[in-house]
Structures are given as structure tokens and as C-alpha cells.
Amino acid sequence: MIKLRLKRFGKKREVSYRIVATNSTSRRDGAPLEELGFYNPRTNETRLDVPAIVRRLQQGAQPTETVRSILTKAQIFEQLKA
């Protein structure tokens with residue numbers, strides 16, 4: 001199963017995350033299938049590749065709870081219904 005999850009990167013105490021599509025059995029920081037966005041919780045900055053995320057969701061990818069809340073704030077699921 002393909003999951004949309006966060007991949008951690010950055011220095012200690014200066015963490016940021018990439019939103020990636022990866023196999024559900026792979027490690028958190030393992031090689032992703034595709035990078036779909038960026039999230040920095042310290043500045044609340046989010047950059048998303050919306051067409052790629054919508055395509056992955058249509059193919060059946062399941063977001064984790066944190067990624068789901070990020071996508072809900074960016075109103076990605078409304079675009080999926082259209």
C-alpha cells in the first residue's frame with residue numbers, strides 16, 4: 001500500500017519535513033517513491049505539489065493523520081471531489 005507520510009530532515013531542534021509517497025512497509029527516512037511537498041512546523045510554512053498529490057490520492061494512496069490535516073488545511077480534498 002502507498003502512504004503519504006512525512007520524511008524528517010534538518011538539523012537537531014531545527015526539524016522540517018518533506019511530504020512523500022512511499023511504500024507503507026519502508027522506513028520513515030528511506031527512499032521515497034515521489035516527493036510531493038514540504039512542511040516546516042516551526043514557521044508553519046507549507047509548499048505542496050497539488051497535481052501530484054491529487055494524482056496519488058486518486059490512485060489509492062492513504063495519508064497519515066498528520067499529512068491528512070495538512071492537506072485538509074490546504075483544501076486538497078475539495079479538489080479531489082471535483
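For the protein chain, the name recorded in an unreviewed UniProt entry is Small ribosomal subunit protein bS16, with Synechococcus elongatus PCC 11801 as its organism.

> Got a sec to walk through the sheet that holds strand E2 (residues 14-23)? Specific residues and values, please.
Strands sit in the order E4-E3-E2-E1-E5 across an open sheet of 5 strands; the sheet is mixed. Where the open sheet ends on each side, the last strands, each with one partner, are strand E4 (45-48) and strand E5 (62-63). With 10 bridges connecting them, strand E1 (residues 2-11) and E2 associate as antiparallel partners. By the bridge assignment for E2, lysine 7 is matched with arginine 18. Of the strands in this sheet, E1, E2, strand E3 (34-40), E4 and E5 touch helix H1 (residues 50-58), which is tilted by about 120 degrees from E3. Sheet strands in contact with helix H2 (residues 65-73) are E1, E2, E3, E4 and E5, and its direction is about 90 degrees off that of E1.

About the thresholds
Residues numbered from 1 in each chain as written. Predicted model: local features only at pLDDT ≥ 70, side-chain atom pairs only at ≥ 80, totals over all residues. Heavy atoms only, no water. Pairing = 2+ DSSP bridges. Helix = DSSP H or I, 4+ residues; strand = E, 2+ residues; numbered from the N terminus. Contact = heavy atoms within 4.5 Å. Axes fitted to C-alpha atoms, helices over the stretch in contact; angles between N-to-C directions.

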